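Architecture at a glance
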Amino acid sequence: QVQLVESGGGLVQAGGSLRLSCAASGRTVWTNHMAWFRQAPGKEREFVAAISRGSGQTYYADSVTGRFTISRDTATNTVYLQTNNLKPEDTAVYYCAAGWLRDPKGNYDYWGQGTQVTVSS
């Protein structure tokens, strides 16, 4: 009942930036957090950042703190991930997620299709 559509991925050089977008539709009232996860080839999906839809409180993985910024537009049910100073290690498929949960790093109910971010050295 919640659909997430991501965009903004691409190929960038190390040190570059991308702004990822996640547009949510459907019964978004059923969610209180939105988040970004990523999955690199051969690795498990990992938490990147999350934001409370109500308060706007944000959470970040240590690996991206200071470089990535998650933000929201509650009017349009859109969440963004501004990725700065990208490193080759950031190369992954980035997934948007939404859910109703206490732990913003927990198990999300809804997932987007993913958008590829590739960072060249």
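Residues numbered from 1 in each chain as written. Predicted model: local features only at pLDDT ≥ 70, side-chain atom pairs only at ≥ 80, totals over all residues. Heavy atoms only, no water.

**Structural notes on the overall build of the chain**
Short version of the rule: To qualify as a helix, a DSSP run of H or I must reach at least 4 residues; to qualify as a strand, a run of E must reach at least 2; elements of each kind are numbered from the N terminus. Throughout, the radius of gyration refers to the C-alpha atoms, and the reference size of a globule is 2.2 Å times the residue count to the power 0.38. Remark: exposure states derive from per-residue accessible area (1.4 Å probe, protein chains only) relative to the maximum for the residue type, with buried under 20%, exposed over 50%, and partly exposed in between. Residue contacts are defined here by distance: any two heavy atoms, one from each residue, within 4.5 Å place the two residues in contact. Computed with the Shrake-Rupley method and a 1.4 Å probe, the accessible areas treat only the protein chains shown as cover for residues. Neither His nor the chain termini are counted; the positive set is Lys and Arg, and the negative set is Asp and Glu. The atom standing in for a charge is NZ when the residue is Lys, CZ when it is Arg, CG when it is Asp and CD when it is Glu.
A tally of regular secondary structure across the chain gives 0 helices and 11 strands. Along the chain, helices (α) and strands (β) appear in the sequence β-β-β-β-β-β-β-β-β-β-β when read from the amino end. Since a compact globule built from 121 residues should have a radius of gyration of about 14 Å, the 13 Å found for the chain is in line with a globular shape. With 121 residues in all, the chain has 46% of them scored as buried. Partitioning the intrachain contacts of the chain with sequence separation of at least 6 by distance along the chain shows that 55% fall at a separation of at least 24. About 6200 Å² of surface is accessible on the chain, with carbon and sulfur atoms providing 46% of the total. Between the averaged position of the 11 positive side-chain charges in the chain and that of its 9 negative side-chain charges there is a distance of 5 Å.

**Comments concerning the packing of aromatic side chains**
Rules: When two rings of Phe, Tyr or Trp (its six-membered ring) have centres within 6.5 Å they constitute a pair, described as stacked for plane angles under 30 degrees, edge-to-face for angles over 60, and tilted for the intermediate range. Placement of a positive charge over a ring is assigned whenever Lys NZ or Arg CZ falls within 6 Å of the ring centre and within 35 degrees of the normal to the ring plane.
Tallied over the entire structure, the rule returns 4 aromatic pairs. Relative to Phe47, the ring of Phe37 has its centre 5.6 Å away and its plane inclined at 80°; by these criteria the two rings are edge-to-face. One end of the pair, Phe37, is in strand S4 (residues 33-39); the other, Phe47, is in strand S5 (residues 46-52), and 10 residues separate them in sequence. By relative accessible area, which is 7% here, Phe37 ends up buried. For Phe47, a relative accessible area of 13% puts it in the buried group. With 5.7 Å between their ring centres and 75° between their planes, Phe37 and Tyr108 make a pair best called edge-to-face. Residue Phe37 is found in strand S4, and its partner Tyr108 is found in the loop between strand S9 (92-99) and strand S10 (110-111); the two are separated by 71 residues along the sequence. Judged on exposure class, the residue Phe37 and its partner Tyr108 are both buried. A connected cluster of aromatic rings, assembled from ring pairs, spans Phe37, Phe47, Tyr108 and Trp111. Between the NZ or CZ atom of Arg19 and the centre of the ring of Tyr80, over which it lies, the distance is 3.9 Å. Taking NZ or CZ as reference, Arg45 lies 3.9 Å from the ring centre of Tyr95, over its face.

**Topic: the pattern of salt bridges**
Threshold: When a carboxyl oxygen of Asp or Glu is within 4 Å of a side-chain nitrogen of Lys or Arg, the pair counts as a salt bridge.
Across all of its chains, the model carries 3 salt bridges by this definition. With a shortest N-O distance of 2.7 Å, Glu46 and Arg38 are connected by a salt bridge. Judged by relative accessible area, which is 32%, Glu46 ranks as partly exposed. Arg38 is paired through a salt bridge with Asp90; the nearest N and O atoms lie 2.9 Å apart. Here the residue Arg38 occupies a position in strand S4, and Asp90 occupies one in the loop between strand S8 (78-83) and S9, the gap between them amounting to 52 residues. Accessibility assignment for this pair places Arg38 and Asp90 in one class, buried. Taken together, the salt bridges that share partners define one network made up of Arg38, Glu46, Arg67 and Asp90.

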